[in-house]
Amino acid sequence: MLATGLRQLRYGYSLLTGRRFSADGLQKIVADLVETLDEFGETTDEAAEMLMVAEPDAKAEQEVVGARLRQAVRDAATSTAYYREWFGRHDIDVDDLPITTKAQLKSAPFAFVSDRSQPVLMAQTTGTTGVPASIWFSRYELDVLSCLNALAEMLAGLRRHHVVANFGSSRAALPVYDLMRTSTLVGNGCLQVGIVDPRIAIERLATPLHLPGKANQVTHMVANASFLAAVVQEVEQGAWKAADFGLRQIFPGGEILTEALRLRAEEALGAPVLETYAATEITPIAGRVCSQRHMHFATHQGQIEVLDPMTHRPVAPGEIGVLVVTPYPPFRDTTLLIRYETGDLVRRLATDKLSCELANVFATSQVLGRADTLAGPLAREVLEILQTEPAIPLPTRYALVPGRSGPVLHVAVPRPSRRLVSRLEELIAQTLPGLDGLVLTDDPDSLPSPCVVRADLREHSFELSALVPAAADPAPVEPESDLLGALA
Ligand SMILES: [Zn+2]
């Protein structure tokens, strides 16, 4: 175990000094841990100790944070065209650094790539906000990322006999590559399914695998929240029940996961839902939602700020702002970003004194909405109401448009009953009193502004016709009454 100890020391040294990790050393730490878990089973002090090295203590973290930020700025200012030009016109003052927007990154992705890097993989964002942003990664970054993820996932309970299915977009190069690398390191099974028809997804989850040394069904499901919603709807309305699946954990991300959807997913699929937050641009920084619904971030990997979207000044505790992130070296060496504005709104927590299981780790609220949307209720507030109603189809489609005295909420509901309308009106009166009206429409395409979700990035397949007879499509039902549009 002496070699293991030395490798852990080197890892800790890199975290403390910002010196590059040894990718070989990290791979060996992962292999040691896999071996230890194989030998000693689920939990040993030794395994726990080995995993603890992945998270430095809070005091050490405080000491290195300032140095890491200065190092990130120095690297970007000396090796990328964009920041070289910017710092050519401004002093390097860590208290007044530039904000980098997604539009700037999209317009010249090459200008953010370090002269000193060896780019090997271009990953593009797969959001719903138009032209994707391009981010390049080096082999070093990919090696480090997959090792750190393998350690983190084993800490979260991933073992060799598990099988992970990814229902995220097959075009999302980074998460797909990372899933495969991480699974190779941990030794678990993995399959890339993609954003297919939800009926195909359910079939993948339910079908026995018959593999040596592996669970007999998929144990871990990774999906965007809107695709999870589509699967939940299919299970709720179809002939499936939770006992048909062998899931142990569900990891939704990429979009707002409401409490309502979380509960429905746990009920329909029979496994706990653990929400995460990640974006290709800010890799390896990721948010993890705790049992008290804070979103926690490992601040030794990057600076996390919550800023006013207009002034870019820090918001006060308890206020809402946009999440701005600077990934630190030695985690990133290719596409370098300083104060990257994610566009995601979060609330700064009112207190630093938390009582959850991650109380020592920096936290904000969960994502509440997008900074570029209309003033009015936050996306999370609207979705939380709409997703409690089983009669409203998932994924939820809605739009907010300006009305006389406030925004008007338009919702796509194919067959609204009077009971649904009165329930919605009551909920809205209680929780969104600023709304000027509610309009229900039977056609999502007729919403006043398009409501696109990641589940719309559908990957076509010839599989469905073989799996599901056409008659399985639900037959149209006559509307109970003509309520559409009557409530504005
Ligand atoms: Zn917490």
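Residues numbered from 1 in each chain as written. Predicted model: local features only at pLDDT ≥ 70, side-chain atom pairs only at ≥ 80, totals over all residues. Heavy atoms only, no water.

## Overview of the pattern of salt bridges
Working step 1: This model, assessed by the stated rule, comprises 22 salt bridges.
Working step 2: In this structure, Asp244 and Lys241 form a salt bridge, with 3.5 Å as the shortest nitrogen-oxygen distance.
Working step 3: As a salt-bridge pair, Glu389 and Arg423 come within 2.6 Å of each other at their nearest N and O atoms. Of this pair, Glu389 sits in the loop between helix 12 (379-386) and strand 15 (398-402) while Arg423 is found in helix 13 (residues 418-431), placing the two residues 34 residues apart along the sequence.
Working step 4: Overlapping salt bridges bring together Glu259, Arg262, Glu266 and Arg293 as one network. (Salt bridge = Lys/Arg side-chain N within 4 Å of Asp/Glu carboxyl O. Helix = DSSP H or I, 4+ residues; strand = E, 2+ residues; numbered from the N terminus.)

## A word on the packing of aromatic side chains
Working step 1: Enumeration according to the criterion identifies 9 aromatic pairs in this entry.
Working step 2: Where Tyr83 meets Phe87, the ring centres are 6.5 Å apart and the plane angle is 40°; that geometry is what we call tilted. Of this pair, Tyr83 and Phe87 are both found in helix 5 (residues 81-89), 4 residues apart, which corresponds to roughly one turn of the helix.
Working step 3: By relative accessible area, which is 9% here, Phe87 ends up buried.
Working step 4: Judged by centre distance (6.2 Å) and plane angle (80°), the rings of Tyr277 and Phe297 are edge-to-face. Here the residue Tyr277 occupies a position in strand 7 (residues 276-278), and Phe297 occupies one in strand 9 (residues 294-297), the gap between them amounting to 20 residues. With respect to class, Tyr277 is no different from Phe297; both count as buried.
Working step 5: Clustering of aromatic rings is evident, with ring pairs tying together Tyr82, Tyr83, Trp86, Phe87 and Phe112. (Phe/Tyr/Trp six-rings, centres within 6.5 Å; stacked < 30°, edge-to-face > 60°. Buried < 20%, exposed > 50% of the residue type's maximum accessible area, 1.4 Å probe, protein only.)

## Examining the coordination of the zinc ion
For a metal with four tetrahedral donors the ideal donor-metal-donor angle is 109.5 degrees, while six octahedral donors give ideal angles of 90 or 180 degrees.
Working step 1: Protein coordination at the zinc ion: the donors are Cys290 (SG), His294 (ND1), His296 (NE2) and Cys356 (SG), at 2.1 to 2.3 Å from the metal.
Working step 2: Between the 4 donor atoms coordinating the zinc ion, the angles at the centre fall across 96 to 119°, so the site counts as tetrahedral. (Donors = N, O, S within 2.8 Å, 3.2 Å for Na, K, Ca; no water. Tetrahedral: all angles 85-135°; square planar, octahedral: opposite > 155°, others 65-115°.)

## Description of helix 7 (residues 139-155)
An α-helical turn contains 3.6 residues, so a residue and the one three or four places further along point in the same direction.
Working step 1: The terminal C-alpha atoms of helix 7 lie 24 Å apart, and with 17 residues this matches the ideal 24 Å at 1.5 Å per residue to within 8%.
Working step 2: Most of helix 7 sits inside the fold, with 12 of its 17 residues counted as buried.
Working step 3: Listed in full, the buried residues belonging to helix 7 are Tyr140, Glu141, Leu142, Asp143, Val144, Leu145, Ser146, Cys147, Leu148, Ala150, Leu151 and Met154.
Working step 4: Remark: Gly157 follows helix 7 within two positions and exhibits a positive phi of approximately 115°. (Expected span 1.5 Å × (residues − 1).)

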